[in-house]
Amino acid sequence: PAEVRGVNAEGLKRWQIPQEDIDALTGAYKILFAKSADHDEPFLTRLDLLQKTNDNSHVAYLCDFLRKSLQNGKFGRYLESFRHDSRSDGDHYFKKQNTVLGECNTTDPSRVTGGS
């Protein structure tokens, strides 16, 4: 399973992010994710507190991203909330796949199987 393990400080340095911003992101990580942190508060409460008490633009971006992903996203992905696929979209896709593959014997997306 995916888990947050830390801040990629070396990558941030490579992108010439100032050390004070890296320190701010590291502090945000500790508040939100570190196992050593006091996690008595729910995650969104800690996120609210971090947004209110921190004025770093990188931390603000992180908080905004996390909030959108959790509150508006599907499967934890914010951009998925903008998808509006219908059943006919899926049917059209699988018909196209059947034509391309020439092996599938069904257009039912839940039962697509390859030929033998």
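As shown above, the structure is provided for reference.
Residues numbered from 1 in each chain as written. Predicted model: local features only at pLDDT ≥ 70, side-chain atom pairs only at ≥ 80, totals over all residues. Heavy atoms only, no water.

### Quick word on the overall build of the protein chain
Okay, step 1: Helices and strands together make up the secondary structure of the protein chain, namely 5 helices and 0 strands.
Okay, step 2: Sequence-ordered secondary structure for the protein chain, helices as α and strands as β, is α-α-α-α-α.
Okay, step 3: Taking all 116 residues of the protein chain together, 20% fall into the buried category.
Okay, step 4: The long-range fraction of contacts in the protein chain, counting pairs at least 24 apart against all pairs at least 6 apart in sequence, stands at 24%.
Okay, step 5: Counting every atom, the protein chain has about 9000 Å² of accessible surface; 52% of that belongs to carbon and sulfur. (Helix = DSSP H or I, 4+ residues; strand = E, 2+ residues; numbered from the N terminus. Buried < 20%, exposed > 50% of the residue type's maximum accessible area, 1.4 Å probe, protein only. Contact = heavy atoms within 4.5 Å. Areas by Shrake-Rupley, 256 points an atom, 1.4 Å probe, with all protein chains shown as cover.)

### Concerning the nonpolar core
Okay, step 1: Grouped together as the largest cluster of nonpolar side chains are 9 residues: Ala24, Leu25, Ala28, Leu32, Leu47, Leu50, Val59, Cys63 and Leu66.
Okay, step 2: Where this core is concerned, the elements lending two or more residues are helix 2 (19-32), helix 3 (43-53) and helix 4 (57-72).
Okay, step 3: The biggest single contributor to this core is helix 2, with 4 residues.
Okay, step 4: With residues up to four places along the chain from it excluded, the contact list for alanine 28 reads Leu50, Val59 and Leu62. (Core = buried A, V, L, I, M, F, W, Y, C linked by side-chain atoms within 4.5 Å.)

### Structural notes on the side chain of arginine 67
Okay, step 1: Here arginine 67 shows up in helix 4.
Okay, step 2: We classify arginine 67 as buried; its relative accessible area is 17%.
Okay, step 3: Not counting chain neighbours up to four residues away, the residues in contact with arginine 67 comprise Leu44, Leu47, Asp48, Gln51 and Asn72.

### As for helix 3
Okay, step 1: Taken as a whole, helix 3 has its buried residues at Arg46, Leu47 and Leu50. Down the axis, helix 3 shows its buried residues gathered within 100° of arc, on one side only. Along helix 3, exposed side chains directed more than 90 degrees from the buried face belong to Leu49 and Lys52.
Okay, step 2: Against helix 2 and helix 4 lie the buried residues of helix 3. (Arc of directions from axis to C-beta.)

### Some points on unusual backbone geometry
In terms of backbone geometry, most residues other than glycine have negative phi values and most peptide bonds are trans.
Okay, step 1: Within the chain, glutamine 16 stands out as a residue other than glycine whose phi angle is a positive 60°.
Okay, step 2: Tracing the backbone through its elements, the reader meets glutamine 16 in the loop between helix 1 (9-14) and helix 2.
Okay, step 3: Using a relative accessible area of 69% as the deciding quantity, one classes glutamine 16 as exposed.

### Structural notes on the pattern of salt bridges
Okay, step 1: Overall, the coordinates contain 3 salt bridges when judged by the stated rule.
Okay, step 2: Of the charged contacts, one joins glutamate 10 and lysine 13 as a salt bridge, the two residues approaching to 3.7 Å between their closest N and O atoms. Remark: lysine 13 and glutamate 10 occur in helix 1; sequence separation between them is 3 residues, near one turn of the helix.
Okay, step 3: For lysine 13, a relative accessible area of 42% translates into the label partly exposed.
Okay, step 4: As a salt-bridge pair, aspartate 48 and arginine 67 come within 2.5 Å of each other at their nearest N and O atoms. (Salt bridge = Lys/Arg side-chain N within 4 Å of Asp/Glu carboxyl O.)

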